[in-house]
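Below are the chains, spelled out letter by letter.
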Amino acid sequence: QAARDLAAAGNAANERPIIILDRFECIDGSPIDELVSCLLHHSTSLTLVIASRTRPAIPLGALRARNQYVEIGPSDLNLTPLEARAVFDADVPEMYTRRLHLETSGEAVAVGFARRVLDTPGGCLDTGSWREQLGEYYRTEVLDSLPAAMRVVMSRLVVVERFDASLAQALAGREALVVIEHLYHVDGLLLRHRGTQEFFFPEMLRRFLEARLEWLDENERAALHRRAQETGVRIVAP
């Protein structure tokens, strides 16, 4: 009833109302999910914005079928070459900003560390110091906070540049699906290639993981490479 009343109020408004629900992942329980679903069902003019680290338990498929659903994920937050160029303006030649974008996949945190180093006295984009700072950030804020089991799965996934759910399971077992869901929706450490179901790590993060994660023994690593080659995907040399 509350959802129907709210939808009716929105439908009668002269303007199109917008409701923003932030930190939706903190809500635990089906009553809220049912309320939101009912609200969307009865509303004809409402725009609902949900910010969440987990996928809401509402009928997203039906909304997508009616072209009423847009999802913004980590991949959409990466900077474009033009946006990366704008971060540095005329302080850095364009050829360097394009190279930076290529090496970082446009990851905002990586570009931000490069800009920070440039702003320090004597800072230079080619010194490599920003990469060291970024690596320290990945270590303390990313890798150290992840469970050991998740790091093991990640160490298997970095042997390829991109992977879908099927390849991930072949490389790391069934637990890979849970890890992908967590890394993509909760931690935002995985990106998804536009128009496909393939995931990949941002380039700088992938390089860091290659260097820092404990690799498996040679025999198991070779087996992982063979599995990946059977799928025809590109393998990243360790």
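In case you missed it, the structure is sitting above this.
The text that follows walks through the structure, step by step, so that each part is easy to find. (Residues numbered from 1 in each chain as written. Predicted model: local features only at pLDDT ≥ 70, side-chain atom pairs only at ≥ 80, totals over all residues. Heavy atoms only, no water.)

**Section: helix H10 (residues 175-186)**
Here H10 contains twelve residues, and its C-alpha end-to-end distance of 16 Å stays within 8% of the 16 Å for a straight helix at 1.5 Å per residue. For H10, the full list of buried residues reads Ala176, Val179, Ile180, Leu183, Tyr184 and His185. Among the structural elements, helix H8 (148-157), helix H9 (165-172), strand S3 (191-192) and strand S4 (199-200) are those in contact with the buried residues of H10. (Helix = DSSP H or I, 4+ residues; strand = E, 2+ residues; numbered from the N terminus. Expected span 1.5 Å × (residues − 1). Buried < 20%, exposed > 50% of the residue type's maximum accessible area, 1.4 Å probe, protein only. Contact = heavy atoms within 4.5 Å.)

**Let's talk about the nonpolar core**
One finds Trp130, Leu157, Phe163, Leu183, Leu190, Phe201 and Leu209 to be the most contacted residues of the largest nonpolar core, which totals 41 residues. Those elements giving two or more residues to this core turn out to be helix H6 (108-119), helix H7 (129-142), H8, H9, H10 and helix H11 (203-212). Sort the elements by how many residues they give to this core and H6 lands first, with six residues. Those residues in contact with Leu157 that sit more than four places away from it in its chain are Phe163, Ala168, Leu171, Ala172 and Phe201. The next biggest cluster of nonpolar side chains, apart from the first, holds eight residues, and it includes Leu40, Leu48, Leu60 and Tyr69. (Core = buried A, V, L, I, M, F, W, Y, C linked by side-chain atoms within 4.5 Å.)

**Concerning the layout of surface pockets**
Rolled over the atoms, a probe as big as a water molecule pinpoints where empty space is left. In this model, the second largest pocket occupies a volume close to 280 Å³. If you list the elements that add at least two residues to the lining of the second largest pocket, you get helix H5 (94-104) and H11. In the lining of the second largest pocket, the residues fall into four nonpolar, two polar and four charged. (1 Å grid on protein atoms, 1.4 Å probe; cavity = no way out; pocket = protein on both sides within 12 Å on 5 of 7 lines; lining within 4 Å. Points joined across faces, edges and corners; volume = space filled by probe spheres on them. Nonpolar A, V, L, I, M, F, W, Y, C, P; charged D, E, K, R; others polar.)

**What to know about the environment of Pro17**
Along the chain, Pro17 falls in the loop between helix H1 (2-12) and strand S1 (18-21). For Pro17, a relative accessible area of 24% translates into the label partly exposed. With sequence-adjacent residues up to four places away left out, Pro17 is seen in contact with Gly10, Ser45, Leu46 and Thr47.

**A few points about the side chain of Glu103**
Mapped onto the fold, Glu103 is located in helix H5. Given the relative accessible area of 11%, Glu103 is considered buried. Beyond its immediate sequence surroundings of up to four residues, Glu103 is in contact with Arg131, Glu203, Met204 and Arg207.

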